[in-house]
Amino acid sequence: MAGEGGVYRLRCSLVGHGQDVRGLTSGLFPQGGFVSVSRDRTARLWAPDGLNRGFTEMHCMSGHSNFVSCVCIIPPSDLYPRGLIATGGNDHNICIFTVDNPAPLYVLKGHKNTVCSLSSGKFGTLLSGSWDTTAKVWLNDRCMMTLQGHTAAIWAVKILPEQGLMLTGSADKTIKLWKAGRCERTFTGHEDCVRGLAILSEMEFLSCANDASIRRWQISGECLQVYYGHTNYIYSISVFPQCKDFVTTGEDRSLRIWKQGECAQTIRLPAQSVWCCCVLDNGDIVVGASDGIIRVFTESLERTASAEEIQAFENELSQASIDPKTGDLGDINADDLPGREHLKDPGTRDGQTRLIKDNGKVEAYQWSVSEGRWIKIGDVVGSSGATQQTSGKVLFEGKEYDYVFTIDVNESGPSYKLPYNITDDPWLTAYNFLQKNDLNPMFLDQVAKFIMDNTKGQTLVNTTAQFSDPFTGAGRYVPGSSSGSNTVPAADPFTGAGRYVPGSTSNAVASVGKADLSTGKLKELNGSASEEQKLTEDDLIILEKILFAICNTSAEAPTAQQLQTLWKAVNWPEDIVFPALDILRLSIRHPTVNENFCSEKDRVQFIILLLKFLNPKGKQANQLLALRALCNCFVSQAGQKFMMQQRDEIMTQAIELKSGSNKNVHIALATLTLNYAVCLHKVNNIEGKAQCLSVISTVMEVVQDLEAIFRLLVALGTLISDDTNAVQLAKSLGVDSQIKKYASVSEPTKVSECCRFVLNLL
């Protein structure tokens, strides 16, 4: 934990990375070590050396084709007792490494833009955040679910201690709390891009942002405290073990140590951008910066660097150049500054800065309480020590670029922003810029030349590598090439039902209900239909024939003409349509009707119709009948295929009905989930199972009816049976703790029996 009243001093400086150090995390193995990642495309594992002061690079890991942005440790498992290392990069990928191999164990692909944040949870789950505005939940080598809701890049993610809870922080200035894959709450307060998150307890967390503030939040949504101290973007935040003290780093060249809610110490570094920090188990602080050097600071006197090393660090700091345009030192008017005599007066607080003018030069000093003296932190000059080329710190639309140019196409027209990375092809960037802003292609040569002139032709990689279009996040367009977009494969087709619950059958559950509905209500309401929607006497006779055909197996199958009449009836206005929906709900169980409505030709209109009735604000009778119709689609092969292909849309809409009070709607919703579980049981579609598990977890929170609970428990048992990935995912969502209370239900006994069976599986 943070020492009591102790002062942090340099422990060591580690040279190894060739460019900015962008991410750090304390490691589990070796003990006391950590992992760093850099724009040089590598990750490095560092172990404390025997001298007790420095660190040794154990090995260098490579696997990304572009900058590496973030890193986290996946906790040990039976298979990997030393844990795993996960890194995210600008190549859109996540590489998973073992601690003793420089090549990736496997690579996770799925994001469409830079992966800039990672967090691991229990049971091997991994959460990733990306510039593509989504976060993804991974289990082993599979994407389980995608969290969608932010409107700009996600810069920070954290998995909370309570199972199933996750946080994301975004360039849209908000933080979102997710439970079982659904957004439960949005936290607003920051005035700029949220860059970092840190967990204090099950109930509290911290955030930092480009608005130079740190906020402490309760999970319930309340902002408990706002901390100020930094004078520029805050990039990173990390908490001390077993206490609420924390450290932050940012674009003001500083590491700040916060104790009891106050900034207790400010340490300036000889680099403009201090990108990242982490706290080791012994309380030492590791920081990475735009000069490519890792520095470790300690309270321990025995681990403190030698006097010579500390002097060398101070000399390096004193020679740093500070750009007045950053605003880190306030407004500077060199003519008004005092001379060296100003340093004879002691400072009033640690980290206080003072500017003096000496022989025409402006110098910056910082007060050190522990040393009782002013330490020179740099010369204030016209340009920053760290250039945009080394720090890549310019933000545009929530994403990071090496440059953001302002382009004036003509004097009278508006100016346009052109973001550019030195890894990009200037001609393609110019082309995309003109396309995006609907500008005349004749400017192509001019804009490309402007980029090259203003970046001095800098490039970091060969131009054959594929990078993303910074505007769309998709593969960039190369004239004459085929489209680079990835089409998302449809859900796996149904390959066989089967759920494993003692004493159960392995077929889908149909929602039958009473079949004695006459067309009496239909005839009654037909009078209130508009003239063009009114059914003729012949139409009403046809509907009676359909009812007879589906209730009598020996009768002739309904004809296409008869089904046209049924389609006309189910398109009645919402307030009178329910008798027609009831006929549809019963009819869809007939193979001919099922084939007709679920076929390639008609299924789009059919799904649009049913989803319309799943509106939470709609009539409950229509909600119930639409859910039952969907359940009954599963009784034939055509319907199963149709339901699996439309799973995502259907489940996303259906779950909105959980908040209603009608128990029959809840039972129908549970039945729909159970039918999906049956279909998914033998299909290798873990994302489908993840969605189903998320629905079960979410619906269980609000449903009271024990029949609905029983069906959800059966669905849960079906999903996790014979699938260790699904078991791990269910645990990570906290489903086991959710269902425990049902183990003691006395009536009906099937609920407690099923609950205990599922708990055994978990």
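Residues numbered from 1 in each chain as written. Predicted model: local features only at pLDDT ≥ 70, side-chain atom pairs only at ≥ 80, totals over all residues. Heavy atoms only, no water.

1. As for the sheet that holds strand 6 (residues 68–74)
Alright, step 1. Strands sit in the order 6-7-8-9 across an open sheet of four strands; the sheet is antiparallel. Only two strands of the sheet have a single neighbouring strand rather than two, namely strand 6 and strand 9 (106–108). Adjacent strand axes in the sheet meet at a mean angle of 25°, parallel and antiparallel pairs treated alike.
Alright, step 2. The pairing of strand 7 (residues 84–89) with strand 8 (residues 94–98) spans five bridges and is classified as antiparallel. Paired with Leu 84 across the bridge in strand 8 is Thr 98. (Pairing = 2+ DSSP bridges. Helix = DSSP H or I, 4+ residues; strand = E, 2+ residues; numbered from the N terminus. Axes fitted to C-alpha atoms, helices over the stretch in contact; angles between N-to-C directions.)

2. Details of the sheet that holds strand 18 (residues 194–199)
Alright, step 1. With antiparallel pairing, the four strands of this open sheet are ordered in space as 18-19-20-21. Each edge of the open sheet carries a strand with a single partner, namely strand 18 and strand 21 (223–228). Sheet twist, expressed as the mean angle between neighbouring strand axes with direction ignored, is 20°.

3. A few points about the packing of aromatic side chains
Alright, step 1. Under the counting rule described, the total for this entry stands at 19 aromatic pairs.
Alright, step 2. Measuring from centroid to centroid gives 6.2 Å for Tyr 233 and Tyr 235, while their planes differ by 70°, and the two rings are edge-to-face.
Alright, step 3. With a centroid separation of 5.6 Å and 15° between ring planes, the pair formed by Phe 246 and Trp 258 is classed as stacked. With Phe 246 in strand 23 (residues 246–250) and Trp 258 in strand 24 (residues 254–259), the pair connects residues that are twelve residues apart, well separated along the chain. (Phe/Tyr/Trp six-rings, centres within 6.5 Å; stacked < 30°, edge-to-face > 60°.)

4. Section: the nonpolar core
Alright, step 1. Core analysis: the largest hydrophobic core is formed by 110 residues, its most contacted members being Phe 606, Leu 672 and Ile 739.
Alright, step 2. The dominant element in this core, judged by the number of residues it contributes, is helix 14 (residues 663–680), at twelve residues.
Alright, step 3. Setting aside anything within four residues of it in sequence, one finds Phe 606 in contact with Trp 567, Leu 584, Ile 588, Phe 597, Cys 598, Cys 633 and Phe 642.
Alright, step 4. Judged by nonpolar contacts, the second largest core, of 18 residues, contains Leu 10, Val 247, Ile 285 and Ile 310. (Core = buried A, V, L, I, M, F, W, Y, C linked by side-chain atoms within 4.5 Å. Buried < 20%, exposed > 50% of the residue type's maximum accessible area, 1.4 Å probe, protein only. Contact = heavy atoms within 4.5 Å.)

5. Re the pattern of salt bridges
Alright, step 1. A complete count under the given rule lists 24 salt bridges for this structure.
Alright, step 2. Note that Arg 373 and Glu 314 form a salt bridge whose closest N and O atoms lie 2.6 Å from each other. Linking Arg 373 in strand 32 (residues 373–380) with Glu 314 in helix 1 (residues 307–318), this pair joins segments that are 59 residues apart in sequence.
Alright, step 3. As a salt-bridge pair, Arg 373 and Glu 371 come within 3.4 Å of each other at their nearest N and O atoms.
Alright, step 4. In this structure Arg 373 comes out as partly exposed when scored by relative accessible area, which is 31%.
Alright, step 5. With a relative accessible area of 36%, Glu 371 lands in the partly exposed category.
Alright, step 6. The structure contains a network of salt bridges with shared partners spanning Arg 9, Glu 314, Glu 371 and Arg 373. (Salt bridge = Lys/Arg side-chain N within 4 Å of Asp/Glu carboxyl O.)

6. Examining the pairing of strand 7
Alright, step 1. With respect to burial, strand 7 is a largely interior element, six of its six residues being buried.
Alright, step 2. Burial of strand 7 is two-sided: the residues Leu 84, Ala 86 and Gly 88 facing one way and the residues Ile 85, Thr 87 and Gly 89 facing the other way are all buried.
Alright, step 3. Connecting the antiparallel pair strand 7 and strand 8 is a turn made up of four residues, with His 92 showing a positive phi of about 80°.

7. Some thoughts on unusual backbone geometry
Where the residue is not glycine, phi is negative for most of them; where a peptide bond is considered, it is trans in most cases.
Alright, step 1. The linkage connecting Phe 29 with the following residue, Pro 30, adopts the cis geometry, with an omega of -5°.
Alright, step 2. Its place among the elements puts Pro 30 in the loop between strand 2 (21–26) and strand 3 (34–38).
Alright, step 3. Here the bond from Glu 747 into Pro 748 is cis, since omega is -10°, no more than 30 degrees from zero.
Alright, step 4. Mapped onto the fold, Pro 748 is located in the loop between helix 18 (735–739) and helix 19 (749–761).
Alright, step 5. Not every positive phi belongs to a glycine, and Ala 180 is a case in point at roughly 50°.
Alright, step 6. Relative to the helices and strands, Ala 180 is located in the loop between strand 16 (175–179) and strand 17 (182–187).

8. Observations concerning helix 12 (residues 637–645)
The periodicity of an α-helix, 3.6 residues per turn, causes residues three or four places apart in sequence to face the same way.
Alright, step 1. Where helix 12 is concerned, the buried positions are Ala 638, Gly 639, Gln 640, Phe 642, Met 643 and Met 644.
Alright, step 2. The inward-facing, buried residues of helix 12 contact helix 9 (591–597), helix 10 (603–612), helix 11 (620–633), helix 13 (647–654) and helix 14.

9. A closer look at the packing of helix 15 (residues 686–702) against helix 17 (residues 724–732)
Alright, step 1. Contact geometry of helix 15 with helix 17 gives a least axis separation of 10 Å together with a crossing angle of 30°. Crossing of helix 15 against helix 17: the hand is right-handed. Facing helix 15, whose interface residues are Ile 686, Lys 689, Ala 690 and Leu 693, helix 17 presents Asn 725, Ala 726, Leu 729 and Ala 730.
Alright, step 2. Taken together, the residues of the contact of helix 15 with helix 17 break down into six nonpolar, one polar and one charged. (Left-handed = near helix turned anticlockwise from the far one by under 90°. Nonpolar A, V, L, I, M, F, W, Y, C, P; charged D, E, K, R; others polar.)

10. Brief notes about helix 4 (residues 444–454)
Alright, step 1. What helix 4 keeps buried is the set Val 447, Ala 448 and Ile 451. Angular distribution of buried residues about the axis of helix 4 spans 95°; they occupy a single face of the element. Set apart from the buried face of helix 4 by more than 90 degrees, the exposed residues are Asp 445 and Gln 446.
Alright, step 2. For helix 4, the secondary structure elements touched by its buried residues are strand 36 (415–420) and helix 3 (426–436). (Arc of directions from axis to C-beta.)

11. Some thoughts on the packing of helix 11 against helix 14
To describe two helices that pack against each other, one gives the angle between their axes and the distance between the axes.
Alright, step 1. At a minimum axis separation of 9 Å, helix 11 and helix 14 run at an interaxial angle of 20°. Between helix 11 and helix 14, the angle falls in the class roughly parallel. Judged by the sense of rotation from one axis to the other, the crossing of helix 11 with helix 14 is left-handed. Where helix 11 abuts helix 14, its residues Gln 620, Gln 623, Leu 624, Leu 627, Arg 628, Leu 630 and Cys 631 lie against Asn 664, Val 665, Ala 668, Leu 669, Thr 671, Leu 672 and Asn 675. (Parallel < 35°, antiparallel > 145°, perpendicular 65-115°, else oblique.)

12. As for the side chain of Arg 39
Alright, step 1. Residue placement: Arg 39 occurs in the loop between strand 3 and strand 4 (42–48).
Alright, step 2. Within the structure, Arg 39 has its side chain in polar contact with the side chain of Asp 402 (distance 3.1 Å). (Polar contact = N/O pair within 3.5 Å; in protein donor to acceptor, adjacent residues only side chain to side chain.)

13. Focus: the pairing of strand 26 (residues 274–279)
The side chains of a regular strand alternate, first on one face of the sheet and then on the other.
Alright, step 1. Of all the six residues making up strand 26, six are buried; the element is thus mostly covered by neighbouring parts of the structure.
Alright, step 2. Note: strand 26 against strand 27 (residues 285–289), five bridges, orientation antiparallel. If you follow Cys 277 over to strand 27, its bridge partner there is Val 287.
Alright, step 3. Joining the antiparallel neighbours strand 26 and strand 27 is a turn of five residues, in which Gly 283 adopts a positive phi near 90°.

14. A few points about the side chain of Thr 248
Alright, step 1. Secondary-structure assignment places Thr 248 in strand 23.
Alright, step 2. On the basis of relative accessible area, Thr 248 is assigned to the buried category, the value being 0%.
Alright, step 3. Beyond its immediate sequence surroundings of up to four residues, Thr 248 is in contact with Ile 214, His 230, Ile 234, Ser 236, Ile 237, Ser 254, Leu 255, Arg 256 and Trp 258.

15. Some points on the environment of Asn 282
Alright, step 1. Tracing the chain through its elements places Asn 282 in the loop between strand 26 and strand 27.
Alright, step 2. Considered as a pair, Asn 282 and Phe 240 are 42 residues apart in the sequence and their alpha carbons are 9.2 Å apart.
Alright, step 3. Among residues more than four places away in sequence, those in contact with Asn 282 are Arg 11 and Arg 303.
Alright, step 4. Within polar-contact distance, the side chain of Asn 282 engages the backbone nitrogen of Asp 284 at 2.9 Å.

16. Remarks on the confidence of the model for the chain
Alright, step 1. Looking at the chain as a whole, its pLDDT mean stands at 81, while 85% of the residues score no less than 70.
Alright, step 2. Long-range and interchain partners of residues 459–506, a stretch whose pLDDT sits below 50, account for 87 contacts in this model, where long-range means more than four residues apart.
Alright, step 3. Counting interchain partners and residues more than four positions distant, the pLDDT-below-50 stretch residues 512–518 has 13 contacts. (pLDDT = per-residue confidence, 0-100.)

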